[in-house]
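# Topology and contacts: notes
One-letter residues, chain by chain:
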Amino acid sequence: MQDPRLLAKPPVCRLGCLVLIRNPRGDVLLVDPDYMDGMILPGGSARPNEPPHLAAARHLHEETGLIARLTDIVAVDFTPADRYLERLNLVFDGGTVPDTARITVPPRHRSGLLGARFVPAPDLPDVMAPSQAARAAEALAGRTLPVLLHGQRAA
């Protein structure tokens, strides 16, 4: 039986839902947020009770205009708490988009983004923070985990 005191104050954890999208050459789509140094994979936090794969798809669409069906996780990255918040980031495989795919970034005042572009995989460490580049490299390694909702494969 679980100790009821453990449920009285649950831990604070941010669930990050990110997407790895590539073009036919294998370049990785990154967004450039104005609130931090370096580029990052598209994505953001899940809302309460929002399935992570749907949160990742929502953020991808809001940030780039792209629509993707996300069914596999390609990296899991846990970041211990800093001052108050621990983070669990899931990176979903968004597949490959054709060169003709149109990337549309909302205006900076609405999105907090300076832009988006495809970056060759070897150049990721040059444009991303070390932890972000390591997360992207792990996602590029090609291992996948299925998305499950209550023990069932997500559709």
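Right above here is the structure, for reference.
Residues numbered from 1 in each chain as written. Predicted model: local features only at pLDDT ≥ 70, side-chain atom pairs only at ≥ 80, totals over all residues. Heavy atoms only, no water.

### Side note on helix H2 (residues 52-64)
Heads up, the condition is: Under the DSSP-based scheme used, a helix requires at least four consecutive residues in state H or I and a strand at least two consecutive residues in state E, with every element numbered from the N terminus. Helix span is expected to be 1.5 Å times the residue number reduced by one. Two residues qualify as a contact provided that any one of their heavy atoms is within 4.5 Å of a heavy atom in the partner residue.
If you check H2, its first and last C-alpha atoms are 18 Å apart, about what 13 residues at 1.5 Å a residue would give, namely 18 Å. On its buried face, H2 sits against strand E1 (13-22), strand E2 (28-33), strand E3 (43-45), strand E5 (86-96), strand E6 (113-119) and strand E8 (148-149). At the C-terminal side of H2, Gly-65 shows a positive phi close to 80°.

### Quick notes on the side chain of His-59
In this fold, His-59 is placed in helix H2. Beyond its immediate chain neighbours, meaning those up to four positions away, His-59 contacts Gly-43, Gly-44 and Ser-45.

### Topic: the layout of surface pockets
So the rule is basically this: Using a 1 Å grid laid over the protein atoms alone, points where a 1.4 Å probe fits but cannot get out form a cavity; open sets with protein on both sides within 12 Å along at least 5 of 7 lines form a pocket; any residue with an atom within 4 Å of a point counts as lining. Grid points are joined across faces, edges and corners, and a volume is the space filled by probe spheres set on the points. Amino acids are sorted into nonpolar (Ala, Val, Leu, Ile, Met, Phe, Trp, Tyr, Cys and Pro), charged (Asp, Glu, Lys and Arg) and polar (every other residue, Gly among them).
The space that makes up the largest pocket amounts to roughly 480 Å³. What lines the largest pocket is a set of 22 residues, and nearest its centre among them are Arg-14, Tyr-35, Ile-40, Gly-43 and Gly-44. Listed by contribution, the elements that provide at least two residues to the lining of the largest pocket are E1, E3, H2, E5, helix H3 (108-111) and helix H5 (130-140). For the lining of the largest pocket, a count of residues per class yields eight nonpolar, eight polar and six charged.

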